[in-house]
Amino acid sequence: MTCAARRTHHRRSRRRGVVLVVVILVVGVAILIASGMVARSTGDRLQQSGEQRRVQQRIAAFSGLRVTMAALAEDREAIFDGRSPFPPPEEDVLWAADGEEWIVRRLPLGPDGAIIVAEAGKLDLAAVERDELLATGVLDPETIDAILAARDAAPGRRLPAVEELAAAPGVDPAAVLGPLEDLRTRSAARGESRDVAERVLDRLSAGGVETAADLLTVHAVEPSVRRDGRRRIVIPLGRSEDVAATRQALEDEFARDVSAAGMGSLLGTLLEGRTRLDRPGAIVSELVRFNVPPEVWGPVLDAFSTEPVDEHVGRLDINTAPAAALRAVPGIDEATAEAIVDAREGLDADERWTIAWPVMRGIVEPEAFAAMADRLTTRCFTWRVRVAVGRRSTTGAGDEPLSDLTVLEAVVDLTGPTPRLAELRDVTHLELAASLVAADLLAGGDEAMAALGADADDPVADPVADASAFDPAAPTSPPARRTGPPPGGLVGEPEPGPAPAPARDSGGGSDFSPASPQPPGGWTAPPSPPRRRGARWLGPGG
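Residues numbered from 1 in each chain as written. Predicted model: local features only at pLDDT ≥ 70, side-chain atom pairs only at ≥ 80, totals over all residues. Heavy atoms only, no water.

J.: Account for unusual backbone geometry, naming residues and giving values.
T.: The backbone of R157 sits at a positive phi, close to 60°, despite the residue not being glycine. Assignment of secondary structure puts R157 in the loop between α4 (141–153) and α5 (173–177). By relative accessible area, which is 28% here, R157 ends up partly exposed. In the Ramachandran plot, N291 falls in the positive-phi region, its phi being about 55° despite a non-glycine side chain. Here N291 is to be found in the loop between α12 (280–289) and α13 (297–303). N291 sits in the exposed class, given a relative accessible area of 58%. (Helix = DSSP H or I, 4+ residues; strand = E, 2+ residues; numbered from the N terminus. Buried < 20%, exposed > 50% of the residue type's maximum accessible area, 1.4 Å probe, protein only.)

J.: Quick one: what's the story with the packing of aromatic side chains, residue by residue and with numbers?
T.: One pass over the full model with this rule turns up 3 aromatic pairs. With a centroid separation of 6.3 Å and 35° between ring planes, the pair formed by W297 and F369 is classed as tilted. One end of the pair, W297, is in helix α13; the other, F369, is in helix α18 (residues 366–372), and 72 residues separate them in sequence. (Phe/Tyr/Trp six-rings, centres within 6.5 Å; stacked < 30°, edge-to-face > 60°.)

J.: Report on the pairing of strand β2 (residues 100–106), specifying residues and quantitative values.
T.: A large share of β2 lies buried, amounting to 7 of its 7 residues. Both faces of β2 are covered, namely the face carrying E100, W102, V104 and R106 and the face carrying E101, I103 and R105. Where strand β1 (residues 91–97) and β2 come together, 6 bridges link them in antiparallel fashion. Each bridged residue has a counterpart across the sheet, and for A97 the counterpart in β2 is E100. The hairpin turn running from β1 into β2, its antiparallel successor, is 2 residues long, and D98 in that turn takes a positive phi close to 55°. (Pairing = 2+ DSSP bridges.)

J.: Which residues make up the pattern of salt bridges, and what are the values?
T.: When the charged atoms of two side chains with opposite charge come close together, those side chains can pair. This model, assessed by the stated rule, comprises 32 salt bridges. Among the salt bridges present, the one from R279 reaches D374, with a minimum N-O distance of 2.9 Å. With a gap of 95 residues between them, R279 in the loop between α11 (263–272) and α12 and D374 in the loop between α18 and β11 (376–377) connect regions that are remote in the sequence. Residue R279 is classed as partly exposed on the basis of its relative accessible area, which comes to 32%. Put simply, D404 and R391 hold a salt bridge, and the shortest N to O gap is 2.6 Å. With a gap of 13 residues between them, D404 in strand β13 (residues 403–413) and R391 in strand β12 (residues 382–393) connect regions that are remote in the sequence. A single network of salt bridges, built from pairs that share partners, joins E119, K122, E163, R384, R386, E409, E423 and R425. (Salt bridge = Lys/Arg side-chain N within 4 Å of Asp/Glu carboxyl O.)

Here it is, written out as structure tokens:
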């Protein structure tokens, strides 16, 4: 081959090589573009599927909460008789489709493992004093001082929730929430069983108040209405025509009791204001002074009020309060508290509804009851529940763990005929969070223990495998005293989050919006929030 021919052949070969490289590059780029489009499409589908699942999970969670609220509201009339609403079943099926079913489980709460807990059976955090907390025997003096300091630093001495105390300086989270290793919200919700020894121990140790969360509340509120739902009569009336008309109506109503010794004179004294009556105990003193038998005290104490308010705050329900909480009431010692707890299971319908039943039963002397009547009630309109909602296959045995799990803890307000949310927290990861707190205390050594006033050599629970961040923040402001008619409207459906916070709602409903959790570096009093009463919102100065 000549030189010219070789050069021509070489040029052609080089061109073919360049064309081949270009073709390979084009094909490669096309493949990459196609792969990217496929991946993006797949990602979009997965994202859409995940978002649909999250929306479904959220809807299921609030459906389960609403079912629980409706079940409590169905038995609201029992509260006026001094009874507790009939608790809903431990498990319900929300709906079933496509081979799976969504389940709502009510998880045990409180020291006795009940699935509904009476908030009025606890002491009002805003009003309780140091000597009263010491009388309970539940908390040590150092913890009490730290709790009261955090309480006093809050606007109006009202924290949004008792759980916030877990982040207060000088307060061991275990003193508020209990041993961190025992916070098994997720395990209980998933239906994971424990061994026989653990279950037996739970049974044997049930019933004891051991933490601030078991003892204290910010949701003790009841409407100022009588047993039949009518508004109480605020005394003294003042105008003579009102006195005459009201006295005649009461004499007709109390026809059976007016004939009792001293009842007629008592009505005149109460309505005309002949004696200074500024608290319920003053009415009791008048009942004693006029020698009215304790058996007819109930209608009088139920009919009258010395406060011109729509709702009363901070009264302790003697029909649900544990002995530890009863010991905080002036005039109730340990023996009296135990006698009240032992006697209330055997009360009949004519006794249970009135706060005078300890006098009727001879547990408390009539004269001594005047000092404690201001603090007592037999009604609880706010109930704490913890619901877990998740899905499981309909083909299983029925006891398998739930997936897509959400756990909500709420305080249901039954002061009105429509149930409302007074508090809402997402506690799905509380079990995980508590473990991280325990692990953090372990890692902190002497300094972390000293900050809590504890001994560094005391054992702290080892963290479990699944742990996340601890968030003691609660969603709403506490009840605040309100006068005037209660607003109407149904609570808006809240959005689950780490710490929902209240927003002003002129229509009487409630909006929930996310709020930042408490900073891990220390506790500071929250800014002045909108005040509320039983999920009814008020402005900061209202």
